[in-house]
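# What the coordinates show
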Amino acid sequence: MRFVIYLLMMIAVALGVGFGLSYYALTDGRLFGVAQVGPWHAWPDVGANAPNPYTRGHLARTAAFELGQAEGLQFTATTDSSGEILTRDCAYRVAGRTPVASFWTLVALDGTGTNIAAPDTAPAMRSSSIVRSDDGAIAINVGTRLMPWNWLELTGEGPFKLVLTLYDTAVFSGFSSDESMPAIIRGSCA
């Protein structure tokens, strides 16, 4: 009788660990297929002809229409460069360099994937319409309060994520964690 109870407990532990690790791999993915550069993360195999099993699981879970590998790559950030959750109570500056791409966009989304740009403003920042510094670096202010220069004005309250989509990029050839990505610097908070 003890053996049966022991066996059932071991099966329960094995199932719990198996399902827990599977859930982790499909939601977080840092160990299984996600490329992370600072606060930004991407699934480089998303548009491949034969993505790895973890990427296939991620695609099935999100049911999103993704770019093909030759079309672009999407980076997402839910934290700033110091690891704090992005929240609309604070102002942020996205500063630095992006990997080489023909074109890129930066949007802010809430937890449901809805664009949270303020009404009557551009829904995204585009590489073709921003002011850059002399060395080509970007500096984009993000937040609900008025800020100078390039400003992605947000509306509402609560956490959000930034999505940087690179179109027609060379990042696919030998992508590594050394790629240059802009920092997300927290400013003042309400």
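None of these values were measured; they are calculated from a predicted model. (Residues numbered from 1 in each chain as written. Predicted model: local features only at pLDDT ≥ 70, side-chain atom pairs only at ≥ 80, totals over all residues. Heavy atoms only, no water.)

With that settled, consider the overall build of the protein. Check the secondary structure of the protein and you find 2 helices and 10 strands. In the protein, the order of α-helices and β-strands from amino to carboxyl end is α-β-β-α-β-β-β-β-β-β-β-β. A burial count over the protein gives 36% of its 190 residues as buried. Looking at the protein as shown, the accessible area adds up to about 10800 Å², and 60% of this sits on carbon and sulfur atoms. (Helix = DSSP H or I, 4+ residues; strand = E, 2+ residues; numbered from the N terminus. Buried < 20%, exposed > 50% of the residue type's maximum accessible area, 1.4 Å probe, protein only. Areas by Shrake-Rupley, 256 points an atom, 1.4 Å probe, with all protein chains shown as cover.)

Within a sheet, neighbouring strands are paired by backbone hydrogen bonds and run either parallel or antiparallel to one another. Taken together, 4 strands build an open sheet; the order of strands is β8-β7-β4-β10 and the sheet is mixed. In this open sheet, the two edge strands, each paired with only one partner strand, are β8 (150-153) and β10 (183-189). Going from strand to strand, the sheet's axes swing by 25 degrees on average, the running direction of each strand aside. By the bridge criterion, 5 bridges tie strand β4 (residues 90-96) to strand β7 (residues 138-143) in an arrangement that is antiparallel. The residue bridging Arg-93 from the neighbouring strand is Asn-141, located in β7. (Pairing = 2+ DSSP bridges. Axes fitted to C-alpha atoms, helices over the stretch in contact; angles between N-to-C directions.)

Moving on to the pattern of salt bridges. Scanning the model with the defined rule gives 2 salt bridges in all. In this structure, the salt-bridge partner of Asp-80 is Arg-186, at a minimum N-O distance of 3.1 Å. On the criterion of sequence distance, the pair formed by Asp-80 in the loop between β3 (72-77) and β4 and Arg-186 in strand β10 is long-range, its members being 106 residues apart. By relative accessible area, which is 2% here, Asp-80 ends up buried. You can call Arg-186 partly exposed: its relative accessible area is 30%. Between Asp-135 and Arg-97 there is a salt bridge whose closest N-O contact spans 3.9 Å. Here Arg-97 lies in the loop between β4 and β5 (101-109) and Asp-135 lies in the loop between β6 (125-126) and β7, a separation of 38 residues in the sequence. (Salt bridge = Lys/Arg side-chain N within 4 Å of Asp/Glu carboxyl O.)

A few words on the nonpolar core. In this structure, Trp-40, Val-94, Leu-106, Val-142, Phe-160 and Leu-162 are the most contacted members of the largest nonpolar core, which totals 27 residues. Listed by contribution, the elements that provide at least two residues to this core are β2 (40-42), β3, β4, β5, β7 and β9 (161-169). Sequence-distant contacts of Leu-162, defined by excluding residues within four places in its chain, comprise Trp-40, Phe-75, Thr-76, Ala-77, Leu-86, Val-94, Leu-106, Val-107, Ala-108, Val-142 and Ile-184. (Core = buried A, V, L, I, M, F, W, Y, C linked by side-chain atoms within 4.5 Å. Contact = heavy atoms within 4.5 Å.)

A few words now on the pairing of β5. Note on strand geometry: in a regular strand, side chains alternate between the two faces of the sheet. Pairing of β5 with β9 involves 8 bridges; the strand directions are antiparallel. Across the sheet, the residue bridging to Thr-105 is Thr-165, located in β9. Relative to β6, β5 runs antiparallel, the two being bridged by 2 bridges. Paired with Thr-105 across the two strands is Arg-126, which belongs to β6.

Time to look at the packing of aromatic side chains. If you walk through the whole model with that rule in mind, you get 2 aromatic pairs. On the numbers, 5.9 Å between centres and 70 degrees between planes, the contact of Tyr-92 with Phe-160 is edge-to-face. You can see Tyr-92 sitting in strand β4 and its partner Phe-160 sitting in the loop between β8 and β9, a full 68 residues away along the chain. Tyr-92 gets classed as buried once you look at its relative accessible area, which sits at 2%. For the ring pair Phe-103 and Tyr-167, a centre distance of 6.0 Å and an interplane angle of 40 degrees mean the geometry is tilted. Residue Phe-103 is located in strand β5, and its partner Tyr-167 is located in strand β9; the two are separated by 64 residues in the primary sequence. The class of Phe-103 is partly exposed, set by a relative accessible area of 28%. (Phe/Tyr/Trp six-rings, centres within 6.5 Å; stacked < 30°, edge-to-face > 60°.)

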